[in-house]
Amino acid sequence: MRFSPMTEDELARASLLEPGVYPFEVITASEELSKAGNEMIKVKLNVFGPNDQQAHIFDYLMEKLQYKLRHFCEATGLLQKYEAGTLSEVDCEGKTGFVKIKIDPANGSYSAKNSVQDYVKPGDAPAAPTASPTAPLDLPRKLKPEEFNAKHGVDAGAKFDDDIPF
């Protein structure tokens, strides 16, 4: 067997999304206190990368980082909540939008990881890729009874016998 050997750093980076803008969905959100005792909302994002690649990335929404908090609200349709000065974990869960992802380099015993650089306002988002969770699915439509019968060779004029022999 022949293969190309990789260092630990190369292995860690291979599982990361490249820096860029990707669609996301908020999987979970929880109201917590930061180490400094400030209120924040911890969100877990499912970020959809190219070739069906996905990454779970944590981010922290707090007053100290107003630009990121506002951009999150703009990206997810929660601008009215931002302007009212109230945002809860319930408001965030299930929301979708676009996020700008970066790679934080390895630091001590921690390997390199993806993190949120910023959230992308709807007008600034790229055209929705096919991997977007908000893209409409191409599902087959429901057939009308006469179309179903014709497709499956059922005689529409035949009398339906629902007598069960037991």
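Rules behind the numbers
Residues numbered from 1 in each chain as written. Predicted model: local features only at pLDDT ≥ 70, side-chain atom pairs only at ≥ 80, totals over all residues. Heavy atoms only, no water. Pairing = 2+ DSSP bridges. Helix = DSSP H or I, 4+ residues; strand = E, 2+ residues; numbered from the N terminus. Axes fitted to C-alpha atoms, helices over the stretch in contact; angles between N-to-C directions. Contact = heavy atoms within 4.5 Å. Buried < 20%, exposed > 50% of the residue type's maximum accessible area, 1.4 Å probe, protein only.

Trainee: When you look at the sheet that holds strand β4 (residues 96-104) in this model, what are you seeing that I'm missing?
Mentor: Remark on secondary structure: sheet strands pair via backbone hydrogen bonds, oriented parallel or antiparallel. Ordered by their spatial adjacency, five strands build an open sheet running β3-β2-β1-β4-β5, and the pairing between neighbours is antiparallel. The sheet is open, and its two borders are formed by β3 (54-62) and β5 (113-120), each paired with just one other strand. Averaged over all pairs of adjacent strands, the angle between strand axes in this sheet comes to 45 degrees, irrespective of strand direction. Sheet topology note: the β4/β5 ladder contains seven bridges and is antiparallel. Its bridge partner lying in β5, Val-99 is registered against Tyr-119. Packing of helix α2 (residues 66-76) onto the sheet brings it into contact with β1 (20-33), β3, β4 and β5, and relative to β5 it is tilted by some 70 degrees.

Trainee: When you look at the environment of Ser-88 in this model, what are you seeing that I'm missing?
Mentor: In this fold, Ser-88 is placed in the loop between α3 (79-84) and α4 (89-92). When the C-alpha positions of Ser-88 and Ile-41 are compared, they lie 7.5 Å apart, and in sequence the two are 47 residues distant. Dropping the residues within four chain positions of it, Ser-88 is found in contact with Glu-31 and Ile-41.

Trainee: Quick question: what am I supposed to make of the side chain of Asp-91 here?
Mentor: Tracing the sequence through the fold places Asp-91 in helix α4. Overall, Asp-91 belongs to the buried group, its relative accessible area being 16%. Setting aside residues no more than four positions away along its own chain, Asp-91 makes contact with Leu-78 and Lys-81.

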